[in-house]
Amino acid sequence: MSNTLLKIADVSKRFGGLQALSGVSLKIDEGQIYGLIGPNGAGKTTFFNVITGLYQPDTGSFELAGKPYSPSAPHAVAKAGIARTFQNIRLFGDMTVLENVMVGCHVRTKQTLLGAVLRHKAARDEEAAIRKKSQQLLDFVGIGKFASRTARHLSYGDQRRLEIARALATEPQLLALDEPAAGMNATEKLGLRELLVKIQAEGKTVLLIEHDVKLMMGLCDRLTVLDYGKPIAEGVPADIQKNPAVIEAYLGASH
Amino acid sequence: MALFTFDKKRYPVQTNVSLVVTLLLLIAFPFIASQFGNSWVRIMDIALLYIMLALGLNIVVGFAGLLDLGYIAFYAIGAYTAGLLASPQFADVLQSFVDTYPTLGHFLVSVSGPDITQHGIHLTIWVIVPLSAFIAALFGALLGAPTLKLRGDYLAIVTLGFGEIIRIFMNNLNAPVNITNGPQGINLIDPIHVFGISLAGAPGSGSMVKFLGFSMPSVNAYYFLFLLLCIGVIFFSTRLQDSRLGRAWVAIREDEIAAKAMGINTRNVKLLAFAMGASFGGIAGAMFGSFQGFVSPESFSLTESIAVLAMVVLGGIGHIPGVVLGGVILAALPEILRHVVEPLQMSLFGKVWIDAEVLRQLLYGLAMVVIMLTRPAGLWPSPKHEDRPEADHPHGEPAADVVKA
């Protein structure tokens, strides 16, 4: 159970005069739901963008499942086994729900020009497998009945689910979710929580950024708290809740 | 219920019927039209070339969402490929090398041999078509490479520049060594031969092509060749659209960052889009050169690029039947105007008030404005599922077909 899946050490990132991240380290064990919390502007999304290759870090070492990986390009990170969602949903709006997930299968499939044109047996089989797997993933996240809808016409909560299904289609070892509960109502949050537990039960490891501290405390196995680009606490939820540095960061020094 | 449709996913039977009907009409067309002279078939010949171009551009602009304003460059590259490799021009090129750089020239002459030195290169269509596709694809990737990080307006400006660069090169590559013959263009390009039959007609036959005992005008023979190529291009396009690669293109169009995060190597996939689009343009260009027997830089101006883009946008960007429709309308319109407007004015007023060319530009502009106001997705856009939510599952079984497929 306690094999380390993701080990990140000493990540720093500077935007001009702003030190967005300084010396952030993180260790996630296999099968965990790991939380990353912190006040607005603490650098959570920057950290996400760095480990998934959208931003280039100034320093840092990156290791996934015992092997170093280089977050130099997002597509390489996806291939290495980290899939992500976005804080502001980024679906392929004009494609159908099913097609969105099928795009997610891209990285684990290989038919290209020749297969597309000739449609030989290997290409047809692969296409059928992609279709089947995508539909299964949609059923898994609970939006299977919307498969032929246009993605942009889904409700907000379902768009979040679709993003998760699309990320799962890349067969990740680590699923990284950037504020998946943002803008959700209480019922939707409950549903999301159930989904995440279900994903964990499938043996996936999840890294989660979230503002909703209540949700995080109940869901995560471990947490790291960021403030001003620095990690100020790390541990199990019960300890984090009592940590004075965390309380100060969230509520101010006078408490 | 749509009787005439190409929405294969929803109406497979009607689509097949529509395809067969369309094909029969297209086959019958030249036999009927040639009763009224060759000009109508000739118009369709050119329209078919434009359809190939529009379908090629549709891959770049419609599928991958990369606005390319210099697409006509690949048409030019195809045409000049045919011009150099299927005409006496190459003999002039060698002569020019000998005159300007004797050492290099004599070396090239000795490599080429006496036949090429005297008569130029004359490759057959079986080599010209794949070669022009390949060369155009190569240039497509080359010109695409520097634009990979650009989007929208900036991409449009750079591609526009590339289009002009190619044309200006063709215009000026007659010195110090004469390769393209400059503004005069390349003449005497071989007509296309298929299985030993010249599509321009045997000498002295009055441009009649004899084939399996049939005899038809040269323009009809070209019509069938271009129709065949067009069907090939449509086949390629549809297959690509419904594939892993086609989905990756659309994903890039919809959201490039998300596409990257899903593991799509956007650099390679975009280059492939540029190359595929360009290769269709190259084939169309080679056919244009062989059909006309003559190429010159002025056929490849910016207005041509814009005309092809207009076909894609007006027809229905990203939707293959729509793009074909756009190609037919915009390619045939000016020719029809030319045949109708001036004689009509002559007979009505006894003099020509409005030049056909002026009227064409007027109508082009008007059509674009009206289309963008009333049908912004084009005349025949992709079927949208949410237009008719009840049609999501036409057989009343929710998504069951998806699982089975």
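Quick caveat, the model's predicted, so the values are computed rather than measured.

Moving on, we get to the overall build of chain B. Each helix and strand in chain B was counted, giving 16 helices and 6 strands. For 405 residues, the compact-globule estimate of 2.2 N^0.38 gives 22 Å, and the C-alpha radius of gyration of chain B, at 23 Å, lies within 12% of that figure. When the 405 residues of chain B are sorted by exposure, 41% land in the buried category. Put simply, of all contacts in chain B between residues at least 6 apart along the chain, 73% involve residues at least 24 apart.

For the rest of this paragraph, the subject is the overall build of chain A. The secondary structure content of chain A amounts to 10 helices and 10 strands. Taking 18 Å as the expected radius of gyration for a compact globule of 255 residues, we find that chain A reaches 19 Å, a close match to that expectation. Within chain A, the fraction of its 255 residues that count as buried is 48%.

Between chain B and chain A, the residue contacts involve 31 residues of the former and 38 residues of the latter. Put simply, the parts of the chain that give the side of chain B that touches chain A at least two residues each are helix H9 (218–241), helix H10 (244–254), helix H11 (256–261) and helix H16 (400–404) of chain B. For the side of chain B that touches chain A, the element with the most residues is H10 of chain B, which contributes 8 residues. Its residues placed into classes, the side of chain B that touches chain A shows 17 nonpolar, 5 polar and 9 charged.

All names here are of chain B. Membership of the largest hydrophobic core comes to 179 residues, with the highest contact counts inside it found for Met-52, Ala-54, Ala-76, Ala-273, Val-308 and Val-312. The greatest single-element share of this core, amounting to 18 residues, is contributed by helix H2 (residues 39–63). The residues touching Ala-54, leaving out its near neighbours within four places in the chain, are Val-308, Met-311, Val-312, Val-323, Gly-326 and Gly-327.

A word on the pairing of strand E7 (residues 174–178) of chain A. All names here are of chain A. Among the 5 residues that make up E7, 5 are buried, leaving the element largely enclosed by the rest of the structure. Pairing geometry for strand E6 (residues 82–84) and E7, over 3 bridges, is parallel. Bridged to Ile-82 within E7 is Leu-174. Bridge analysis of E7 against strand E8 (residues 205–209) gives 5 bridges, and the strand direction is parallel. Directly across from Leu-177, in E8, lies its bridge partner Leu-208. Handedness of the E7-helix H7 (residues 186–201)-E8 crossover: right-handed.

Residue and element names in this part refer to chain B. Relative to strand E6 (residues 214–217), strand E5 (residues 208–211) runs antiparallel, the two sharing 4 bridges. Paired with Lys-210 across the strands is Ser-215, a residue of E6. Hairpin connection, E5 to E6: the antiparallel pair is bridged by 2 residues, and Leu-212 has positive phi, about 50 degrees.

Here we come to the environment of Phe-15 of chain A. Assignment of secondary structure puts Phe-15 of chain A in strand E1 (residues 4–15). Considered as a pair, Phe-15 of chain A and Leu-26 of chain A are 11 residues apart in the sequence and their alpha carbons are 21 Å apart.

Residue and element names in this part refer to chain A. Spatial strand order, E2-E1-E4-E5: 4 strands in an open sheet with antiparallel pairing. Two strands in the sheet have a free side with no partner beyond their single neighbour: strand E2 (18–29) and strand E5 (67–68). Bridge count between strand E4 (residues 59–64) and E5: 2 bridges; the pairing is antiparallel. Paired with Leu-64 across the two strands is Lys-67, which belongs to E5.

On to the packing of helix H4 (residues 89–100) of chain B against helix H5 (residues 102–112) of chain B. Packed helix pairs are characterised by how far apart their axes lie and by the angle those axes make with each other. Residues and elements named next belong to chain B. Packing of H4 against H5 leaves a shortest axis separation of 5 Å and a crossing angle of 145 degrees. H5 is crossed by H4, and the crossing has left-handed handedness. Taken together, the residues of H5 that come into contact with H4 (itself represented by Leu-94, Phe-97 and Val-98) are Pro-102, Leu-104, Gly-105, His-106, Leu-108, Val-109 and Ser-112. Along the lines of polarity and charge, the residues of the contact of H4 with H5 split into 7 nonpolar, 3 polar and no charged.

The next thing to look at is the environment of Leu-53 of chain B. Position of Leu-53 of chain B among the secondary structure elements: in helix H2. In this structure Leu-53 of chain B comes out as buried when scored by C-beta crowding, with 33 C-beta atoms within 10 Å.

Spacing of three or four residues puts side chains on the same side of an α-helix, whose turn is 3.6 residues. Most of helix H1 (residues 44–51) of chain A sits inside the fold, with 7 of its 8 residues counted as buried. Directly after H1 of chain A, the chain includes Gly-53 of chain A, whose backbone phi takes a positive value near 90 degrees.

Moving on: the packing of H2 of chain B against helix H12 (residues 266–292) of chain B. Residues and elements named next belong to chain B. Interaxial distance between H2 and H12 falls to 8 Å at its minimum, and their mutual angle equals 170 degrees. Between H2 and H12, the interaxial angle falls into the category roughly antiparallel. Handedness of the H2/H12 crossing: left-handed. On the side of H2, the interface is formed by Asp-45, Leu-49, Met-52, Leu-53, Leu-55, Gly-56, Leu-57, Ile-59, Val-60 and Phe-63, while H12 contributes Ala-273, Phe-274, Met-276, Gly-277, Ala-278, Phe-280, Gly-281, Ile-283, Ala-284, Met-287, Phe-288 and Phe-291. Each residue belonging to the contact of H2 with H12 can be placed in one class, and the counts come to 18 nonpolar, 3 polar and 1 charged.

Here we come to the domain arrangement of chain B. For chain B, the assigned domains are domain 1 (1–36) and domain 2 (39–301). Here the C-alpha centroids of domain 1 of chain B and domain 2 of chain B sit 28 Å apart.

Residues and elements named next belong to chain A. Pairing is mixed in the open sheet, where 6 strands are placed in the order E6-E7-E8-E3-E9-E10. This sheet does not close on itself; its edge strands, each paired only once, are E6 and strand E10 (230–235). Averaged over all neighbouring strand pairs, the angle between strand axes comes to 20 degrees, with direction disregarded. Inspection of the sheet shows strand E9 (residues 222–227) paired to E10 by 5 bridges, in the antiparallel sense. Opposite Asp-227, over in E10, you have Lys-230 as the bridge partner.

Okay, the domain arrangement of chain A next. Residue and element names in this part refer to chain A. Here chain A is partitioned into domain 1 (1–81 + 172–255) and domain 2 (92–163). For domain 1 and domain 2, the distance between their C-alpha centres works out to 28 Å. Contact with domain 1, which involves 9 residues of that partner, is made by 6 residues of domain 2. Elements with a contribution of two residues or more to the side of domain 1 that touches domain 2: helix H2 (74–80) and H7. Broken down by element, the residue count for the side of domain 1 that touches domain 2 peaks at 4 residues, all from H7. When its residues are assigned to classes, the side of domain 1 that touches domain 2 shows 5 nonpolar, 2 polar and 2 charged.

Rules of the game
- Residues numbered from 1 in each chain as written.
- Chains lettered and ligands numbered in written order.
- Predicted model: local features only at pLDDT ≥ 70, side-chain atom pairs only at ≥ 80, totals over all residues.
- Helix = DSSP H or I, 4+ residues; strand = E, 2+ residues; numbered from the N terminus.
- Rg over C-alpha atoms; globule rule 2.2 N^0.38 Å.
- Buried ≥ 20, exposed ≤ 12 C-beta atoms within 10 Å, placed from the backbone.
- Contact = placed C-beta atoms within 7 Å.
- Nonpolar A, V, L, I, M, F, W, Y, C, P; charged D, E, K, R; others polar.
- Core = buried A, V, L, I, M, F, W, Y, C linked by C-beta atoms within 7 Å.
- Pairing = 2+ DSSP bridges.
- Right-handed = clockwise from strand over helix to strand, strands pointing away.
- Axes fitted to C-alpha atoms, helices over the stretch in contact; angles between N-to-C directions.
- Left-handed = near helix turned anticlockwise from the far one by under 90°.
- Parallel < 35°, antiparallel > 145°, perpendicular 65-115°, else oblique.
- Domains from an automatic or database assignment.

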